[in-house]
Amino acid sequence: MSQTPLAPYAERADLTKGRRFFEPPSRTRTAFARDRDRIIHATAFRRLKEKTQVFVAHEGDHYRTRLTHSLEVAQIARSLAHALRLDDDLAETVALAHDLGHPPFAHAGEDELVIQMTDHGGFDHNVQSFRVVTELENRYPQFDGLNLSWETVEGVIKHNGPVSHRLDEPAWSVVRPYRTGGEAGWDLRLGTFASLEAQCAAIADDIAYNNHDVDDGVQAGLITLQDLDQVPLIGPMLAEVRRDWPAIDDRMLRIEAVRRMIGVMVEDVLAETARRLEEDRIGSTEDVRTATRTMVDFSRSMHADLAVLRKFLFERMYRHYRVNRTRSQARRVLSQLFELFMAEPEVMPPEWAVPAATEDRTQRARAVCDYIAGMTDRYAIEVHQKLFSLDLALDL
Ligand SMILES: Nc1nc2c(ncn2[C@H]2C[C@H](O)[C@@H](COP(=O)(O)OP(=O)(O)OP(=O)(O)O)O2)c(=O)[nH]1
């Protein structure tokens, strides 16, 4: 963006730990910018356009999908990184990749896959994002996955912080080869913190969804502006906008209040992060990794307010009966597809039917799970309709 020199604790693309499979550097792009471009060209990225954020993707053109959510996260991550004098390409790249592993119908879909995979190694959307970029995307003749830089892959797998404590959970076992001595030949140093750029992407996720869910929830009529008056963060913001613009209509009031709330959260993160970097005397990328806490974070009071806002959104929006009805349908679609594919793997396309054609039920379940997890909402509904309708004229 600008030529401001990077901070000493910023990642540097010219000092990257490199890619798993050697490739000569690009003449025109840094390693992290090239990673971003690979993600944008990935099939899993395009499919985010029809994956649920809160509303199933076809419910309305104006609601967020996982794709527009990822773009908003990337924008906020980039702003944070730039203000902190970090590598904004890396922050953007990790943000764009962070939700690649979400199954159709997002959390409802994940809840169902977790149940279906209980005896077969489990399911976790963050691990699935990691598998998409390291293994499942198939668009290069030389390797599986996208062969991204170490720092990008690290950011994807550490979306929720260091992961060493979770390696015994079956869902996380696929990450094992990526630790010291692992056969992947790469040590992602799973027990340490990720780069500050990846931490920017992670907090940008929280900023983005808490804000856009308020926006979408009001637009959808699940919550009202009056409901929000008593909720921390957004309530004071609504009052402030009404004071500044007494004649403002509800639509503009909602948009302006959400815009200001994003700004307040970003400023809070920047101030808290600067404070922590100084307090913990962070002077290098190694200091970031071996620190005793996350550096890019909200202040204590923002955490407290956000907890109340999250609880409100959870109870009033994510568990609204109208959303619950769709969740219920979505889970049935996925459970019925899963059971059918386990019994008749030959009805899946060959790239999934072949690995599923085994007596090893765990191996079969993983192929079924990967096929389903890669589906968009629309495709899952279409396949379900085709396979469970008795109308043989339905073509797919
Ligand atoms: N936590 C949660 N979020 C839901 C649910 N249904 C819909 N959502 C929406 C609300 C947010 O827009 C978004 C939060 O999910 P994300 O996957 O982005 O973040 P989360 O913190 O759950 O997971 P992550 O940080 O990716 O490990 O999903 C639900 O049942 N639980």
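Residues numbered from 1 in each chain as written. Predicted model: local features only at pLDDT ≥ 70, side-chain atom pairs only at ≥ 80, totals over all residues. Heavy atoms only, no water.

By the naming in an unreviewed UniProt entry, the protein goes by Deoxyguanosinetriphosphate triphosphohydrolase-like protein and is assigned to Brevundimonas mediterranea. Quoted verbatim from the Sequence similarities (unreviewed entry) field of UniProt, the annotation for the protein is "Belongs to the dGTPase family. Type 2 subfamily." (UniProt positions renumbered as here; feature names shortened; annotations may be inferred.)

Looking now at helix α16 (residues 361-373). Between the first and last C-alpha of α16 there are 18 Å, a value that for 13 residues agrees with the 18 Å anticipated at 1.5 Å per step. Here α16 has its buried residues at R364, A365, A367, V368, C369, D370, Y371, I372 and A373. Of the surrounding elements, those touching the buried residues of α16 are α5 (106-116), α6 (125-136), α14 (321-343), α15 (350-356) and α17 (377-388). (Helix = DSSP H or I, 4+ residues; strand = E, 2+ residues; numbered from the N terminus. Expected span 1.5 Å × (residues − 1). Buried < 20%, exposed > 50% of the residue type's maximum accessible area, 1.4 Å probe, protein only. Contact = heavy atoms within 4.5 Å.)

The next thing to look at is unusual backbone geometry. With the exception of glycine, most residues fall at negative phi, and the peptide bonds are largely trans. Non-glycine residue R85 carries a positive phi angle of around 60°. In this structure, R85 sits in the loop between α3 (66-83) and α4 (88-97). Given a relative accessible area of 34%, R85 falls into the partly exposed group. Positive phi, close to 70°, is recorded for L233, a residue that is not glycine. Within the fold, L233 resides in the loop between α9 (225-228) and α10 (234-244). Overall, the relative accessible area of 9% leaves L233 in the buried class.

Let's shift gears to a nonpolar patch on the surface. Together, V347, L387 and F388 make up an exposed nonpolar region whose accessible area comes to about 210 Å². Tracing the backbone shows F388 in helix α17. Here F388 falls in the partly exposed class, since its relative accessible area comes to 37%. (Patch = residues over 30% accessible without salt bridge, like charges linked within 9 Å, V, L, I, M, F, W, Y side chains within 5 Å. Areas by Shrake-Rupley, 256 points an atom, 1.4 Å probe, with all protein chains shown as cover. Salt bridge = Lys/Arg side-chain N within 4 Å of Asp/Glu carboxyl O.)

Here we take up the pattern of salt bridges. Where charged atoms from two side chains of opposite charge approach closely, those side chains can pair. Throughout the structure, instances matching the rule amount to 40 salt bridges. Here R378 ties to E50 by a salt bridge, and the two come within 3.3 Å at their closest N and O atoms. In this pair, R378 is assigned in helix α17 and E50 in the loop between α2 (43-47) and α3, connecting sequence segments 328 residues apart. Taking relative accessible area as the criterion, R378 reaches 39% and is therefore assigned partly exposed. Two residues, R64 and E72, come together in a salt bridge whose shortest N-O distance is 2.9 Å.

On to the domain arrangement of the protein. For the protein, the assigned domains read domain 1 (29-176), domain 2 (219-320) and domain 3 (328-386). Between the C-alpha centres of domain 1 and domain 2 the distance comes to 23 Å. Facing the ten residues of domain 1 at the interface are eleven residues of domain 2. Our count for the domain 1 to domain 2 interface comes out at one salt bridge. Among the ionic pairs, E154 bridges to R289, the shortest N-O distance being 2.7 Å. (Domains from an automatic or database assignment.)

Between its first and last C-alpha, α17 extends 16 Å over twelve residues, near the 16 Å set by a 1.5 Å rise per residue. Buried residues of α17: D377, A380, V383 and H384, and no others. In an axial view of α17, the angular spread of the buried residues amounts to 135°, which keeps them on one side of the axis. (Arc of directions from axis to C-beta.)

A few words on the packing of aromatic side chains. The full count for this structure, using the stated rule, is eight aromatic pairs. Relative to Y371, the ring of F341 lies with its centre 5.3 Å away and its plane at 50°, an arrangement referred to as tilted. Of this pair, F341 sits in helix α14 while Y371 sits in helix α16, and the two are 30 residues apart along the sequence. Here F341 and Y371 have matching classes, each one buried. (Phe/Tyr/Trp six-rings, centres within 6.5 Å; stacked < 30°, edge-to-face > 60°.)

With that settled, the discussion passes to the packing of α14 against α17. Interaxial distance between α14 and α17 falls to 10 Å at its minimum, and their mutual angle equals 60°. As summarised for this structure, α14 and α17 are arranged oblique, according to the angle between their axes. Once α14 is placed against α17, the crossing between them reads as left-handed. Contacts from V333, L334, Q336, L337, L340 and F341 in α14 reach A380, V383, H384, L387 and F388 in α17. (Axes fitted to C-alpha atoms, helices over the stretch in contact; angles between N-to-C directions. Parallel < 35°, antiparallel > 145°, perpendicular 65-115°, else oblique. Left-handed = near helix turned anticlockwise from the far one by under 90°.)

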